[in-house]
Amino acid sequence: MSENDHDDRLDRRIRAALLARAGERPPVDAAWRRFVARARRSRARRRAGGLGFVAALAAGAVAFALVQGSGPSTIKIVTSPAPSTSTSRPTPSSGSGPPPPVTVTTVPGASTTTGPDTTTTTTPATTTTTALGVSATTVPATATTTQGVPVPPCPASQLRISPEFSQGATGNWALPILFRNTGPAACSLYGYPGVSWVSASGAQIGVPARQVHTASYPPRTVDLGPGQAGVAVVEVPDQANQQLAGCRSVRAAAIRVYAPGSTSPVQLTPTGPGSNALVYCSTAAAPADVGPVAQG
Amino acid sequence: MAGRPAPELEGLFTQAYAGLVRALTVACGDREMAEDAVMDAFVQAHRHWDRISSYENPAVWVRRAAINRLSNRRRGLGRRLRFLSRASGQRPEVVPGPSGGGVATLLAGLPVQQRVAVALFYLEDLPVAEVAAAMGVSESTVKTHLRRAREHLAAALEVSGQ
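Fair warning: this is a prediction, and the values are worked out from it, not measured in the lab.

Basis of the calculations
- Residues numbered from 1 in each chain as written.
- Chains lettered and ligands numbered in written order.
- Predicted model: local features only at pLDDT ≥ 70, side-chain atom pairs only at ≥ 80, totals over all residues.
- Heavy atoms only, no water.
- Core = buried A, V, L, I, M, F, W, Y, C linked by side-chain atoms within 4.5 Å.
- Buried < 20%, exposed > 50% of the residue type's maximum accessible area, 1.4 Å probe, protein only.
- Helix = DSSP H or I, 4+ residues; strand = E, 2+ residues; numbered from the N terminus.
- Contact = heavy atoms within 4.5 Å.
- pLDDT = per-residue confidence, 0-100.
- Axes fitted to C-alpha atoms, helices over the stretch in contact; angles between N-to-C directions.
- Parallel < 35°, antiparallel > 145°, perpendicular 65-115°, else oblique.
- Left-handed = near helix turned anticlockwise from the far one by under 90°.
- Disulfide = S-S within 2.5 Å.
- Pairing = 2+ DSSP bridges.
- Nonpolar A, V, L, I, M, F, W, Y, C, P; charged D, E, K, R; others polar.

Caption draft 1: Local environment of the nonpolar core. Grouped together as the largest cluster of nonpolar side chains are 73 residues, with contacts concentrated most on A:L18, A:F35, B:F13, B:Y17, B:F42 and B:L120. It is helix 1 (residues 7-28) of chain B that provides the largest number of residues to this core, a total of 13 residues. Leaving out residues up to four positions away in the same chain, A:F35 has contacts with B:P5, B:L9, B:F13, B:M39, B:F42, B:V43 and B:H46. The next biggest cluster of nonpolar side chains, apart from the first, holds 30 residues, and it includes A:F179, A:W197, A:A259 and A:L268.

Caption draft 2: Structural view of the confidence of the model for chain B. All names here are of chain B. Here chain B shows a mean pLDDT of 80. Residues at 70 or above account for 78%. Taken element by element, the predicted model of chain B shows its lowest mean pLDDT in strand 1 (residues 93-95) (42) and its highest in helix 7 (residues 128-135) (93). Taken as a whole, residues 90-101 scores under 50 in pLDDT and shows 34 contacts with residues more than four places along the chain or in a different chain. Across the assembled chains, the prediction reports ipTM 0.79 with pTM 0.55.

Caption draft 3: Here's a closer look at the packing of helix 6 (residues 112-123) of chain B against helix 7 of chain B. Residue and element names in this part refer to chain B. It is the contact of helix 6 with helix 7, at a shortest axis distance of 10 Å, that shows an interaxial angle of 135°. The orientation of helix 6 relative to helix 7 falls into the category oblique. Of the two elements, helix 6 crosses helix 7, and the hand of that crossing is right-handed. Within the contact between the two elements, helix 6 uses Q113, V116, A117, L120 and F121 and helix 7 uses V128, V131, A134 and M135.

Caption draft 4: View of the state of the cysteines. Residues and elements named next belong to chain A. In the structure shown here, the tally under the stated rule is two disulfides over all chains. Put simply, C154 and C187 are joined by a disulfide, and their sulfur atoms are 2.0 Å apart. On the sign convention where negative is left-handed, the bridge of C154 and C187, at about 85° about the S-S bond, is right-handed. With C154 in the loop between strand 3 (135-138) and strand 4 (159-163) and C187 in strand 6 (residues 187-190), the pair connects residues that are 33 residues apart, well separated along the chain. Across the pair, exposure class does not vary: C154 and C187 are buried alike.

Caption draft 5: Geometry of the pairing of strand 11 (residues 229-237) of chain A. All names here are of chain A. Counting buried residues in strand 11 gives nine out of nine residues, a clear majority hidden from the surface. Side chains A229, V231, V233, E235 and P237 project from strand 11 onto one buried face, and the interleaved G230, A232, V234 and V236 project onto a second face that is buried too. Note that strand 5 (residues 172-181) and strand 11 share nine bridges and pair antiparallel. Its bridge partner lying in strand 11, P176 is registered against V233. As judged from the two bridges shared by strand 11 and strand 16 (residues 289-290), these two strands associate in the antiparallel manner. Each residue of the ladder has a partner; that of E235, found in strand 16, is D289.

Caption draft 6: A look at the packing of helix 1 of chain B against helix 2 (residues 31-47) of chain B. Residue and element names in this part refer to chain B. One can describe the packing of helix 1 onto helix 2 by two numbers: an axis separation of 8 Å at closest approach and a directional angle of 150°. Handedness of the helix 1/helix 2 crossing: right-handed. Facing helix 1, whose interface residues are L9, L12, F13, A16, Y17, L20, V21, L24, T25 and C28, helix 2 presents R31, M33, A34, E35, V38, M39, F42, A45 and H46. Tallied by class, residues from the contact of helix 1 with helix 2 come to 15 nonpolar, two polar and two charged.

Caption draft 7: Just the environment of A:F35, in detail. Along the chain, A:F35 turns up in helix 2 (residues 28-47). Taking the relative accessible area as the measure of exposure, A:F35 reaches 0% and is therefore buried.

Caption draft 8: Looking closely at the pairing of strand 13 (residues 254-258) of chain A. Residue and element names in this part refer to chain A. Judged by how many residues are buried, strand 13 sits mostly within the fold: five of five residues are covered. Burial of strand 13 is two-sided: the residues A254, R256 and Y258 facing one way and the residues I255 and V257 facing the other way are all buried. Bridging between strand 13 and strand 14 (residues 266-268) involves three bridges; their strand directions are antiparallel. Opposite I255, over in strand 14, you have L268 as the bridge partner.

If you want it as structure tokens, here you go:
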């Protein structure tokens, strides 16, 4: 194995880790409205000349007075970002009352990319087969965690699955897929997601992504606290490579993703550069690869 | 002319704002500070849009401005802290943020310049040349930052066993 391969793999690993840990992008709409308001104000202030300076002085004086008057309270500076609470989403209460019902319900807005064909399995502890032909066990969801050591598996309803994009190695598109715990309690993921390409009618294109087993990044149990995300990287041969392999390349309508252990898929439609990963080989000649879900 | 931003500026904002905030949040460890810096940079861009819109890639200018704001603010923050602690006769208490085990842990120990390079290169997926332009340093400096950061991160990811 060449040094370059190693560097590429490390780079992908670092990128995936950062993506999973970096938190979500802030919503643009609200920011744009704030920006427009500020852009207007900044023009107005310039017209008002030196008034801004006077205002700043006054604000400084007030701040000083507040500090003086605040008595023995300590000054607290929070050094790292607050969890992004900007997405308004109904969260189940995590109070000390009776635990929420065990049935898995799809929280509105929780998985924004869920396609219309998504059905949520409510059967407890059934073993079913996912798109990959891998046996997957659905464990009844327990939304609240007792303080015990084993963290329950993440129920599908508690995961928001979203695509990221990155350029990947030469000849491939890398598509990191984030699995974010939107629930109120910690949950865990283990193993590989099921990933396949589907047409607008929902028919599968080519073969599902192959699971890549490497000694350096084996599957591990990934514990996700509320708001934390795990990440699995999908690598898709680009169109040139698909054609080299003798494929007929088809542009898929979506990428269907099963979280590890889940039987309810979501459909992802990456936009921007990530949309390149929708072009897929219609035969088994150039399949994509997918790694295990890793902690960010 | 009520100061309504130009459509091109709106396009740039929509395309660049969120990603830049996320990257700078990782670089400085404070979401609010990053948001302020990026917002300030865009307000500045709006003010000088006649000039900046003629640049080949206005996004480069905005990134550069936001990073400048951020480093000025970090220096300012240190001064303000010292001032406040003198004024109140208290030592400022630094409270670790709530995202333990997150990106802060991974990047702990990296100098700020390396964090900025890492955030722009890995999170924003910018080529080295654009990272260099955003940071106002040479490409070889960026490569050095990235090489050192890579060594650190390789070890950190190895240790965490993930």
